[in-house]
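Architecture at a glance
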Amino acid sequence: MHRQVLCHRGASVVAARRLRSVLGSVLGRDAGMWRTHEVKLLNTAAGDTVTIGEISYKLKIPRNPELVPVKHISDSLPQTVAQHLRWIMQKDLLGQDVFLIGPPGPLRRSIAMQYLELTKREVEYVALSRDTTETDLKQRREIRSGTAFYIDQCAVRAATQGRVLVLEGLEKAERNVLPVLNNLLENREMQLEDGRFLMSAERFDKLLQEHTKEELDAWKIVRVSEDFRVIALGLPVPKYKGNPLDPPLRSRFQARDIYHLPFKDQLEMLYTVGPNISAERVSQLLSLATTLCSQESSDLGLPDFPVDNLLPALHVLNAFPMLSSQQLVQRLYPYTSILGKDGRTAVEGVLSRFELLDGRRVPAPGSIVSVSAARDTEGRADVTLRIKDKDVTFQVPAGTKEPRPPSSSPNFISTPSHSQLLSEMMQSHMVKDMCLIGAKGCGKSVLAREFAEILGYSMEPVMLYQDMTARDLLQQRCTLPSGDTAWRPSPLVTAAIEGKLLLLDGIHRVNLGTLAVLSRLLHDRELDLYDGTRLLRWDRYQTLKEQLQLSDEQLQERSILPVHPSFRVLALAEPPVLGAAGGSSGAQQWLGPELLTMFLYHSVTPLARAEEMGLIQGLTPHVPVEAAEQLLHLTHSLRQTNDPTAQSLASSLSTRQLLRICRRLSQYPEESVAHAVNKACLSRFLPSLARASLEKSLTNCSIQDKPDPAEQTQDYSCVVKDGVLTIGNVSAPIYSPSEKMKVPDVLFYDNPQHMKVMEDMLKDFLLGEHLLLVGNQGVGKNKIVDRFLHLLNRPREYLQLHRDTTIQTLTLQPSVRDGIITYEDSPLVKAVKMGHILVIDEADKAPTNVTCILKTLVESGEMILADGRRIISDPREAEGRPNLIVMHPDFRMLVLANRPGFPFLGNDFYGALGDIFSCHAVDNPKPQAELAMLKRYGPDVPDATLQKLVAAFGELRSMADLGTITYPYSTREVVNIVKHLQRFPGEGLANVVRNVFDFDSYNKDTREVLIEALHKHGIPIGARPTSVKLAKE
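The structure presented is a predicted model; accordingly, all values stated were derived computationally and were not measured.

1. Notes on the pattern of salt bridges
Once the charged atoms of two side chains with opposite charge are near each other, the side chains can pair. Inspection of the entire model under this criterion finds 70 salt bridges. A salt bridge links Arg656 to Asp915; the shortest N-O distance between them is 2.8 Å. Remark: Asp915 occurs in the loop between α40 (909–913) and β39 (918–922) and Arg656 occurs in helix α30 (residues 655–667); sequence separation between them is 259 residues. By relative accessible area, which is 7% here, Asp915 ends up buried. A salt bridge links Asp961 to Arg684; the nearest nitrogen and oxygen atoms lie 3.4 Å apart. Pair noted here: Asp961 is in helix α42 (residues 943–962) and Arg684 is in the loop between α31 (673–681) and α32 (688–700), with a separation of 277 residues, a long-range link. Overall, Arg684 belongs to the partly exposed group, its relative accessible area being 23%. What emerges from the salt-bridge pattern is a single network uniting Glu122, Glu124, Arg157, Arg163, Arg520, Glu526, Asp528, Arg534 and Arg540.

Now the structure itself:
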């Protein structure tokens, strides 16, 4: 066998010995072990028989031929696969259930389907996930015209109809769910919820000799077909992530290790795919893959190489022989993103051993020259790429709309690195789905949109979140107006049927057990849904149609639909945390061996400084050049340091945030860059170490916050004159609303600090931004927002979030009318429809995986509601389509949140979504302003008392900033004290301040600090006879 492997290389003896040592362990498990077996189909008068080697199986005519897999068997069957099929046939003849175990990838499923196609067996397929419950396997209740009854699910259907149940992903199912099947596997018996009892064929037939069929039916006994079998597909745990097999379940299966095909078989297959590639190069790539799957590699902590993806990768290499092998390996196995320093060194060692380190040099510059719809085939486009001054034309799947020439969009500024990336994406798009990996705000969504527009795709964005279930991804339960239960297909399913480009935004957030339900769609373009609908790959659907002589309508009646040939998936993700192994930080390392097999990976690197400057000047032409230069100097100095504190600051200054700052600077050039940076990083609430680091970086980049002499004396006032509102130096027209009662009206005493915040807000508001106000409790965030909207005369919709807020409650409010569930629009949907301002309060209290769906609404003006309707921003797309809500151009969001960190118990809303909003830090008013405000609340309270309160609270706040005390005392508390003193002037100050400080009366340390601070300012709280010191006369 080794001779066969090496004869293509024509290399020296040394190379042969080296390769043999590397591959010895892998080839050892398959080398020369078995005789060859032929697969034959014999037609006899008694019926058709399939023989593999000496074992034969008599075929039966399937009752539902549309459920038999088609086009899974390849023309040339590798010997190893024939061995596996022979073994499954042996077990099938023995009546045993089998478990195919092996590394991630489509091979195990493919072998199971090939066997079922060969033996003409109907299949019931179910992809298990962490959300799978007993009802998904046995029976589910449905309501039809007011009556509830049970509908059989896959396991029961397979048992009664004599089908083969294929269970994929046993390691994904939660513990104690699969024991439901134990008795069905062992004795072919199962008690059903509707009172029926499944009984094995032999026992049933014995009973039938003594009793009539009617009697057995009356006893609700159902015969399990003798043809019923189970094929389970799973990964070995503990090597891979997942739940280990339950011993009682494991003992009921016969196991078979389905490892990757042997080197020789793989090599022959790859040679046929890439006739333009030198045999030596193919062999080197396969040697690399085999080495990275070996035991030695996994001992080093390297994830398995996705061997199955070599096939599509070689298609790309065949069309573009000038590509460097290292670049290609990076797409299959993005080792620079997922591995730490040691891992990268190990992989590069293997690369150099197989002479694949040819990409050290800069990758060949590539760009898209032209894209045009293909004349001969629908749903394809001819793309011409220029690589190394050579033009290559090839065909790729395309959308239903007209392709658009590259770099012709006014909202997309092409930079060399982006055009390079788009040309690489085109190459991968030819063969497989892709995933873009890049940090927050680096332009992944923009690149995805540009890519879709170039190819004429309609995009279907799906925002993924942490608690997403498999049902959210595929089909949701809903109730029809008649009260019947039904299944509503998700956007993912409609995208697959209509041939859209599905954008999965945030696959790093989703649990791997949920994402696994998509592996069959990504590998085979097939999908089984909860309501029994089956989606088939386009060519398999056409074959089925021809074989069975059925029309589309007839197949649709049988719940079989084709996946559109143009359908593609583009996933977006943030980079994995380097070196994060299993355990607590395991959640961060999302890119494991399973996901590697699903996509080809492209990294979106941060832009070079010159490119970023070009981008900024292209999108904000009037930005002051000096300010932009300073900003980029700071950002790139922060990005290039190894200090984790500085890098976390750099993530607050993403390309998206820089563009926002520059848009503002181009409109208001007199603003200081330092103010803009502090605002973007929310420096007021940074920990002291990070704040010092930011100040140091600002000084190093010679960005100083110029103290504006006018600022101290400037009178921030708001004037409404001739329908124009002016706050400070900024003016805006006043809105004339149709619903005046929704315009807030609030008691508000103007003070310079809050007026300055409102002026800042008005600047961003006029630029079309959505605003986020962050501050401690009681500093006046709600008052500022209400006053701001009152001055602008804008109607408000109000949403308060909390721990139990779900995506459904954010968008819809269910209610029952006349016994029918109807959904009413939530404030969010009303605001979108009517063009009101949506105020979202306590945004940090809701889980960030819920609030993250606001991202698509803010960024692209799109959002899918829980009842299947969709919000879109482009009115042209809405023509003639129901279920669409066009976003009103005046719609805006104002989000309020407390600052992250203790003592606030909320989630880090700013960390998760801060860079899609324009952020404003709200603080307590300065002492003078606070004093003036308190005088308005308590005109009869003595000035001396007010001054004591302002001074004491000022000191307590600075203590909270330094961390001496945890609770940040705010203006709200002082105002409440003053209101009390105003109404009941006879009560002593010491008594009234206890209204605030009694919360701390049981905490000895805090109490002592408070008493000392208050005594210092002449507030005699907590005075005891022992602490009275008489002065001398």
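What follows continues from the structure just given.
2. Some details on the sheet that holds strand β16 (residues 390–397)
If you walk across this open sheet you meet the three strands as β14-β15-β16, and the pairing is antiparallel. Since the sheet does not close on itself, it has two edges, and those belong to β14 (366–373) and β16, each with one partner. With direction set aside, neighbouring strand axes in the sheet form an average angle of 25°. Strands β14, β15 (380–387) and β16 of the sheet are contacted by helix α18 (residues 416–429), whose axis makes an angle of about 55° with β14.

3. Topic: a nonpolar patch on the surface
A surface patch of nonpolar side chains, about 280 Å² in accessible area, is lined by Val816, Ile821 and Tyr823. Mapped onto the secondary structure, Tyr823 falls in strand β33 (residues 820–825). Residue class for Tyr823 comes out partly exposed when judged on its relative accessible area of 39%.

4. Observations regarding the packing of aromatic side chains
Counted according to the given criterion, the structure contains eleven aromatic pairs. Measuring from ring centre to ring centre gives 5.7 Å for Phe99 and Phe253, while their planes differ by 80°; the resulting arrangement is edge-to-face. With a gap of 154 residues between them, Phe99 in strand β4 (residues 98–101) and Phe253 in the loop between α10 (247–250) and β13 (254–257) connect regions that are remote in the sequence. Clustering of aromatic rings is evident, with ring pairs tying together Phe953, Tyr967, Tyr969 and Phe997. The ring of Tyr530 carries Arg471 above its face, with NZ or CZ at 5.7 Å from the centroid.

5. Points about the sheet that holds β39
Ordered in space as β31-β34-β38-β30-β39, the five strands form an open sheet in which the pairing is parallel. Of all the strands in the sheet, the pair left with one neighbour each is β31 (796–800) and β39. Geometrically, the sheet is characterised by an average inter-axis angle of 20° between neighbouring strands, direction not taken into account. One ladder, built from five bridges, connects strand β30 (residues 771–775) with strand β38 (residues 892–898); its direction is parallel. When the sheet's bridge partners are listed, Gly775 is paired in β38 with Asn898.

6. Description of the side chain of Glu142
When you line up the elements, Glu142 lands in strand β6 (residues 139–144). Side-chain polar atoms of Glu142 contact the side chain of Arg477, separated by 3.0 Å. At 2.6 Å, the side chain of Glu142 forms a polar contact with the side chain of Thr485.

7. So, the environment of Glu987
The residue Glu987 is located in the loop between α43 (971–983) and α44 (989–997) in this model. As for Glu987 and Leu766, which are separated by 221 residues in sequence, their C-alpha atoms are 48 Å apart. In this structure Glu987 touches His980, Leu981 and Val992, once residues within four positions along its chain are discounted. Of the polar contacts made by the side chain of Glu987, one reaches the side chain of His980; its length is 3.5 Å.

8. A few points about the packing of helix α27 (residues 609–619) against α30
To characterise two packed helices, one gives the angle between the axes of the helices and the distance between these axes. α30 packs onto α27 with a crossing angle of 45° between their chain directions and a minimal axis gap of 10 Å. By the angle between their directions, the pair α27 and α30 is classed as oblique. In this structure, the crossing between α27 and α30 has a hand that is right-handed. Touching Glu612, Leu615, Ile616 and Leu619 of α27 are Thr655, Leu658, Leu659 and Cys662, all from α30. For the contact of α27 with α30, the class distribution of residues is six nonpolar, one polar and one charged.

9. Comments concerning the environment of Thr726
Here Thr726 is to be found in strand β28 (residues 724–727). Each C-alpha atom, one on Thr726 and one on Ala944, is 35 Å from the other, the two residues being 218 residues apart in sequence. Aside from chain neighbours lying at most four places away, what touches Thr726 is Ser717, Cys718, Val719 and Ser731. Engagement of the side chain of Thr726 in a polar contact is seen with the side chain of Ser731, the distance being 3.1 Å.

10. Description of helix α35 (residues 781–792)
Along an α-helix, residues three or four apart share an orientation, since each turn contains 3.6 residues. With twelve residues, α35 extends 17 Å from end C-alpha to end C-alpha; this agrees with the ideal 16 Å at 1.5 Å per step. Within α35, nine of the twelve residues are buried, which leaves the element mostly enclosed by the surrounding structure. Along α35, the residues that are buried comprise Lys781, Ile784, Val785, Asp786, Arg787, Phe788, Leu789, Leu791 and Leu792. Positioned one or two residues after α35, Asn793 has a phi angle of 65°, which is positive.

11. Details of the state of the cysteines
This structure, assessed with the given rule, holds zero disulfides. Left unpaired, Cys435 is separated from the closest cysteine sulfur, that of Cys442, by 12 Å. Left without a disulfide partner, Cys662 is nearest to the cysteine sulfur of Cys681, which lies 14 Å away. A relative accessible area of 0% means that Cys662 is categorised as buried.

12. A short note on the side chain of Arg188
With respect to the helices, strands and loops of the structure, Arg188 is situated in the loop between α7 (182–186) and β9 (190–191). Taking relative accessible area as the criterion, Arg188 reaches 12% and is therefore assigned buried. In this structure the side chain of Arg188 is engaged in a polar contact, spanning 3.0 Å, whose partner is the side chain of Asp97. Engagement of the side chain of Arg188 in a polar contact is seen with the backbone oxygen of Phe228, the distance being 3.1 Å. Excluding residues that lie within four positions of it along the chain, Arg188 makes contacts with Gly95, Asp97, Asn183, Leu198, Met199, Ser200, Val224, Phe228 and Arg229.

13. Focus: unusual backbone geometry
The omega angle of the peptide bond from Val237 to Pro238 is 25°, so this bond is cis rather than trans. In this fold, Pro238 is placed in the loop between β12 (229–234) and α10. Of note in this structure, Gln549 is not a glycine but carries a positive phi near 55°.

14. Some remarks on the pairing of β16
Bridge analysis of β15 against β16 gives eight bridges, and the strand direction is antiparallel. Bridge pairing links Ala381 to Val396 in β16. The loop that links β15 with its antiparallel partner β16 comprises two residues; one of these, Lys388, has a positive phi angle of about 50°.

15. Quick look at the packing of α42 against helix α45 (residues 1004–1016)
Taken N-terminus to C-terminus, the directions of α42 and α45 make an angle of 145°; their axes are 9 Å apart at the nearest point. Where α42 crosses over α45, the two elements pack in a sense that is right-handed. Taking contact as the criterion, the partners of Ala952, Glu955, Leu956 and Met959 in α42 are, on α45, Val1009, Leu1010, Ala1013, Leu1014 and Lys1016. When its residues are assigned to classes, the contact of α42 with α45 shows seven nonpolar, no polar and two charged.

Rules and cut-offs
- Residues numbered from 1 in each chain as written.
- Predicted model: local features only at pLDDT ≥ 70, side-chain atom pairs only at ≥ 80, totals over all residues.
- Heavy atoms only, no water.
- Salt bridge = Lys/Arg side-chain N within 4 Å of Asp/Glu carboxyl O.
- Helix = DSSP H or I, 4+ residues; strand = E, 2+ residues; numbered from the N terminus.
- Buried < 20%, exposed > 50% of the residue type's maximum accessible area, 1.4 Å probe, protein only.
- Pairing = 2+ DSSP bridges.
- Axes fitted to C-alpha atoms, helices over the stretch in contact; angles between N-to-C directions.
- Contact = heavy atoms within 4.5 Å.
- Patch = residues over 30% accessible without salt bridge, like charges linked within 9 Å, V, L, I, M, F, W, Y side chains within 5 Å.
- Areas by Shrake-Rupley, 256 points an atom, 1.4 Å probe, with all protein chains shown as cover.
- Phe/Tyr/Trp six-rings, centres within 6.5 Å; stacked < 30°, edge-to-face > 60°.
- Lys NZ or Arg CZ within 6 Å of the ring centre and 35° of its normal.
- Polar contact = N/O pair within 3.5 Å; in protein donor to acceptor, adjacent residues only side chain to side chain.
- Parallel < 35°, antiparallel > 145°, perpendicular 65-115°, else oblique.
- Left-handed = near helix turned anticlockwise from the far one by under 90°.
- Nonpolar A, V, L, I, M, F, W, Y, C, P; charged D, E, K, R; others polar.
- Expected span 1.5 Å × (residues − 1).
- Disulfide = S-S within 2.5 Å.

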